[in-house]
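Tertiary structure, described
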Amino acid sequence: MIQFDKNRKRVKQCPCGKSNKDGKFIPYAGHDNKGYCHACGKTFLPEVSTNGNTAFRQTGSAASNNYSAVRSPDKQPSLISFDTFTASLRAYENNHLITYLTGIFGSTATISLIKKYFIGTSRYWNGATVFWQCDIAGRIRAGKVMLYDPATGKRVKQPFTHINWVHKLINQPDYNLKQCFFGEHLLINNSKPVALVESEKTAIIASEYLPMYLWLATGGSNGSRWTSPEVFKVLKGHQVVLWPDIQSYDDWSTKGEVLMKNGIQVSTSRLLEQNCTEAERSSKLDIADFLVRFPLAQFKNGYTTLPP
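Quantities reported herein were computed from a predicted structural model and do not represent experimental measurements.

Rules used throughout
- Starting afresh in each chain, residues are numbered from 1 along the sequence in its written order.
- With pLDDT at 70 or above as the cut-off, local features in this predicted model cover only qualifying residues; side-chain atom pairs require 80 or more to be listed or tallied, and sums for whole chains, interfaces and linings still use all residues.
- Think of the side-chain values as coming from all heavy atoms in the structure, minus any hydrogens and water.
- Working definition: rings of Phe, Tyr and Trp (its six-membered ring) pair if their centres are within 6.5 Å, and the pair is stacked with planes under 30 degrees apart, edge-to-face with planes over 60 apart, and tilted otherwise.
- By the criteria applied, helices consist of DSSP H or I runs no shorter than four residues and strands consist of E runs no shorter than two, each listed in order from the N terminus.
- The cut-offs for exposure are 20% and 50% of the maximum accessible area for each residue type, with area from a 1.4 Å probe on protein chains only; residues under the lower value are buried, those over the upper are exposed, and the others partly exposed.
- Paired strands, as defined in this entry, are two strands with at least two bridges between them according to DSSP.
- Simply put, an axis is a line fit to the C-alpha atoms, just over the touching stretch for a helix, and the angle between two N-to-C directions goes from 0 to 180 degrees.
- For this analysis, residues touch if any pair of their heavy atoms sits within 4.5 Å.
- The scheme is simple: roughly parallel for angles under 35 degrees, roughly antiparallel for over 145, roughly perpendicular for 65 to 115, oblique for anything else.
- For any pair of crossing helices, the crossing counts as left-handed if the nearer helix is rotated counterclockwise from the farther one by less than a right angle, and right-handed if it is rotated clockwise.

Let us look at the packing of aromatic side chains. A full pass over the atoms with the stated rule returns 11 aromatic pairs. Relative to phenylalanine 182, the ring of phenylalanine 131 lies with its centre 5.5 Å away and its plane at 75°, an arrangement referred to as edge-to-face. Taken together, the residues span a long stretch of sequence, with phenylalanine 131 in strand β7 (residues 128-134) and phenylalanine 182 in the loop between α4 (166-169) and β10 (194-197) at a distance of 51 residues. Relative accessible area serves as the criterion here: at 1%, phenylalanine 131 is assigned to the buried category. A relative accessible area of 1% means that phenylalanine 182 is categorised as buried. Linked through ring pairs, Phe82, Phe85, Phe118 and Trp132 together constitute an aromatic cluster.

Printed below as a string of structure tokens:
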């Protein structure tokens, strides 16, 4: 199994020739010239060809998706350039979601969450947020642009649902969108149990209340995407808890069975379903809606689950 080296500065130079003083080249464990370079956007993969499996040879920029394959059953995912990604990591004073999170957690904890989840800012709508999908190989698969109310933290849905994609906004042609979990990069060299929710905002909030889990988000309720082996294979070796929104338990429990049949250790929480009111049920609340009702200090002082 290919894994990133925890010491990203172990290698002094990227195979592309750039210095690695800033740690932008992340080598694979056991390799000096194989890994992913954030500076040039290239992925340098070891050649592997066993039992007919695909063997890749990197021939160009990861952002241009220029790979050659000995055998390739599927078109490789398109990627967002590192420059586009880093350009969004600023202007947080104009980011409505960051305003909301700061009101809950304070500026220090919110800055930590920004860095942890690579939360970006977009000018497409005033106050918009970018949720970057960075995969376990350190590549930027996609950026989802969304708009929130800075006071309530709720999505802005009027006069229309404010959701768009970075690759569409920058007119990146022939983009092959293959999404990964939001927060997937946190799985790199990490053995914590995983908590899986639907909303990116929910994953961010829950990670501060219950940090004993790695909180990832599916980014939507479409199970046909995140229950495909290509997506969920990154969860193997982790204990996984599914936290469905209220009214989604049956659907997510079925999806959990699919994961279990494919070797993932999964359980589906019934906590919200069993403890919600009829009003909460009709509103289809999620775990973050309940967590923010409690002072964070209560959890810091020893809670490891939701208070009764």
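Pairing is parallel across the open sheet formed by 4 strands, whose spatial order is β11-β10-β12-β13. Whereas interior strands pair on both sides, the edge strands pair on one side only; in this sheet they are β11 (214-217) and β13 (265-268). Each strand axis lies, on average, 25° off the axis of its neighbour in the sheet, ignoring direction. Two elements, β10 and β11, share 4 bridges in a ladder whose sense is parallel. Counted as the bridge partner of valine 194 is leucine 214 from β11. Lying on the sheet, helix α8 (residues 249-261) is in contact with β10, β12 (239-242) and β13; it crosses β13 at an angle near 170°.

What follows concerns the environment of isoleucine 140. Relative to the helices and strands, isoleucine 140 resides in strand β8 (residues 140-146). According to the relative accessible area criterion, isoleucine 140 is buried, its value standing at 2%. A C-alpha to C-alpha distance of 7.7 Å links isoleucine 140 and phenylalanine 82, two positions 58 residues apart in sequence. In contact with isoleucine 140, other than residues within four places in its own chain, are Ser78, Leu79, Ile80, Phe85, Trp132, Gln133, Cys134 and Tyr175.

Contact geometry for helix α2 (residues 96-105) and helix α5 (residues 200-209): axes closest at 12 Å, N-to-C directions at 20°. The orientation of α2 relative to α5 falls into the category roughly parallel. Seen along the crossing, α2 lies across α5 with a hand that is right-handed. Every residue of α5 that contacts α2 at Leu97, Tyr100, Leu101, Ile104 and Phe105 is listed here: Lys201, Ile204, Ile205, Glu208 and Tyr209.

Distances and angles like these do not, on their own, reveal function.
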